[in-house]
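Chain residues, written in single-letter form:
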Amino acid sequence: MEQEKGDSETSPLLNGHIGSRHVQLDTDSTPDVVTYGSVTDENTKVVANGTETTEKKEGFSCGRASKRQILSFFCVAFLNFSGMACYAIITPFFPSEALRRGASQTTVGFVFGCFSAVQFLGGLVFGKFITTVGSRFVLISGVFVAGSCSLLFGLLEYTEGTTFIAFCFAIRSMEALGVSAHLTVATTILTHEFPNDIAKVMGIQEIFVGLGMMAGPPIGGVLYNLGGFKLPFFTVGGLMFCCCAVLAVLVPPQVDKQEGKRDVSLLCFLRIPTVIMACGVTVVLFSAIEYLNPVLQPYATKEFNLTSPQVGLIFLLLACVYALFAPAWGWLADKKKYARIMMTLGLLVLSAGTLLIGPSPLLTDYVTLLPKALWINIVGIVVIALSTGSVLANLFNVMLWAASDAGMETDFATYGLVSGTFGAFMAMGSFLGPTVSSALVERFGLPWASTAFSGYILSSMLLVVTFTIGENVYKRCHAEPSTKGEAQGLLT
């Protein structure tokens, strides 16, 4: 009986939500300690004689998926491909084009960063009110707005100087609202349709994200050489309109209304310690992913005489490696219960990979370990792509587990809240990365900027380790009273 009292903090999770929870009890470890793991690997089942058995449930499979699940999956996959191609297509040519039209390197970074700043606010708003406005309307209208803004951006070919810069900020901000809307809804739909295989499904979806990232830069470089500034934007704008039409026809209706459910509090969710840690890691991760976007192309052109299509191929390599390994990272995140280990090791390797971009003067001037060669930068790109997936695969699940631990309902509203929060802090990192890197490169150069980002990533890894140790100590301290009480009861 003492054991049951000791589980009072997690009891809301065990009442009617066994089949859709994102937390399970590790029966092989010390009682009362909740461990993170796969949603569907094993579900504890109490039989008539009071003993607990484990019931295996089958995971994600296209053969077992319903028509609704398959439609949702492929609609979101097409959207992920189109959206990422639209986002990444400007990286091989826009920085030099903006510099030629009167913008400074720092301003170019802010043009990239303002997109993410607006997306941060949009993610929180859409995540909170997705069920009120209607998920299907938010999804389709978001894609339409993003495609329209891409077409408008192509018309900036006819502007110069201050006018060019002002309209860059205005159009990118509007585009960010559209992207924030459709990304939040797309993630929510997948979470709702596949609540038991989230990391695995997200990992498979990252293939399409990677394909969009792969296709965007080289296509952007080729289209820019063929038709100038406007042709890449007109092309991806048309692609987004096609995507809008496909979604309007095929995406299934969603269960937006949550009758009888209590309101989901954003502030309460953001006060959960594990969520705070996951949000911080999300910011750091996407800062590291995005910091190269506005600065790699000018640096590679100056130092290694690369053309825009060649720089596009470097970004293609990053996306290709990321997409290739993303499903494996997703499988591990769902099956092996190694979330914190994967995050810690991933951040450590990511920090090392970032040092290779430039490469860092610590490795070329002070220690003289590496030459200042193009192949060193390419190796760094590969290392960054590999390590990024191991961290990213766990973050969304960690937030869902934390929400479940806090007693939140596992419904569409909660999924929307988690999706919006994840997207918001992803956008915050995507804002900080380009803006800070542009300022650092303008003052110190890319090699020192990479050094600074490497230290930034390493410090976040140390914080994750410290948080994990503190969390385990806290759980053990709170588990001791019930264990001692049970031991005394057995002795008497």
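Structure's up top.
Calculation criteria
- Residues numbered from 1 in each chain as written.
- Predicted model: local features only at pLDDT ≥ 70, side-chain atom pairs only at ≥ 80, totals over all residues.
- Heavy atoms only, no water.
- Patch = residues over 30% accessible without salt bridge, like charges linked within 9 Å, V, L, I, M, F, W, Y side chains within 5 Å.
- Areas by Shrake-Rupley, 256 points an atom, 1.4 Å probe, with all protein chains shown as cover.
- Salt bridge = Lys/Arg side-chain N within 4 Å of Asp/Glu carboxyl O.
- Helix = DSSP H or I, 4+ residues; strand = E, 2+ residues; numbered from the N terminus.
- Buried < 20%, exposed > 50% of the residue type's maximum accessible area, 1.4 Å probe, protein only.
- Contact = heavy atoms within 4.5 Å.
- Phe/Tyr/Trp six-rings, centres within 6.5 Å; stacked < 30°, edge-to-face > 60°.
- Lys NZ or Arg CZ within 6 Å of the ring centre and 35° of its normal.
- Polar contact = N/O pair within 3.5 Å; in protein donor to acceptor, adjacent residues only side chain to side chain.

### Thoughts on a nonpolar patch on the surface
Thinking step 1. Together, Tyr338, Ile341, Leu345, Leu348, Val349, Leu458 and Leu462 make up a nonpolar patch on the protein surface, roughly 620 Å² of accessible area in all.
Thinking step 2. Elements supplying a minimum of two residues to the nonpolar patch: helix H13 (339-355) and helix H17 (446-491).
Thinking step 3. Here the nonpolar patch gets four residues from one element, more than from any other, and that element is H13.
Thinking step 4. Inspection of the secondary structure assignment puts Ile341 in helix H13.

### Digging into the side chain of His182
Thinking step 1. Its place among the elements puts His182 in helix H6 (residues 161-193).
Thinking step 2. When its relative accessible area of 1% is taken as the criterion, His182 is described as buried.
Thinking step 3. Excluding residues within four positions of it along the chain, His182 makes contact with Leu79, Leu139, Gly142, Val143 and Met240.

### Considerations on the packing of aromatic side chains
Thinking step 1. All chains considered together, the criterion is met by 16 aromatic pairs.
Thinking step 2. When the ring of Phe93 is compared with that of Tyr224, the centres are 4.8 Å apart and the planes differ by 10°; the resulting orientation is stacked. Note that Phe93 is positioned in the loop between helix H2 (67-88) and helix H3 (94-100) and Tyr224 in helix H7 (residues 198-227), a separation of 131 residues in sequence.
Thinking step 3. The exposure class of Phe93 is buried, given its relative accessible area of 1%.
Thinking step 4. Geometrically, the ring pair formed by Phe144 and Phe241 is tilted, given 5.5 Å between the ring centres and 50° between the ring planes. Of this pair, Phe144 sits in helix H5 (residues 135-154) while Phe241 sits in helix H8 (residues 230-250); the two residues are 97 residues apart in sequence, bridging distant segments of the chain.
Thinking step 5. What links up through ring pairs into an aromatic cluster is the set Phe93, Phe94, Phe153, Phe164, Tyr224, Phe229 and Phe233.
Thinking step 6. The ring of Phe229 has Arg101 sitting right over it, with the charged end atom 5.4 Å from the ring centre.

### Comments concerning the environment of Pro298
Thinking step 1. If you trace the backbone, Pro298 turns up in helix H11 (residues 296-304).
Thinking step 2. Expressed as a C-alpha distance, the spacing of Pro298 and Pro95, which sit 203 residues apart in the sequence, is 7.2 Å.
Thinking step 3. Leave out the neighbours within four places in its chain, and Pro298 touches Pro95 and Gln105.

### Section: unusual backbone geometry
Thinking step 1. That bond from Gly358 to Pro359 is cis: its omega, -10°, falls within 30 degrees of zero.
Thinking step 2. Assignment of secondary structure puts Pro359 in the loop between H13 and helix H14 (361-366).
Thinking step 3. Phi is positive for Asn305, close to 60°, though the residue is something other than glycine.
Thinking step 4. Secondary-structure assignment places Asn305 in the loop between H11 and helix H12 (308-335).

### Notes on the pattern of salt bridges
Thinking step 1. Considering all chains together, one arrives at seven salt bridges under this definition.
Thinking step 2. Here Arg101 makes a salt bridge to Glu160, at a shortest N to O gap of 3.3 Å. You can see Arg101 sitting in the loop between H3 and helix H4 (105-133) and its partner Glu160 sitting in the loop between H5 and H6, a full 59 residues away along the chain.
Thinking step 3. Residue classification places Glu160 among the partly exposed residues on the basis of a relative accessible area of 45%.
Thinking step 4. One salt bridge in this structure joins Arg172 and Glu175, with 3.9 Å as the shortest N-O distance. Here the residue Arg172 and the residue Glu175 both occupy positions in helix H6, the gap between them amounting to three residues, near one helical turn.
Thinking step 5. When salt bridges with common partners are traced through the structure, they connect Glu97, Arg100, Arg101 and Glu160 into a single cluster.

### Remarks on the side chain of Thr435
Thinking step 1. Residue position: Thr435 is located in helix H16 (residues 412-444).
Thinking step 2. Here Leu432 takes part through its backbone oxygen, which lies 3.2 Å from a polar atom of the side chain of Thr435.
Thinking step 3. Apart from the residues within four sequence positions on either side, Thr435 is in contact with Gly109, Phe110 and Gly113.

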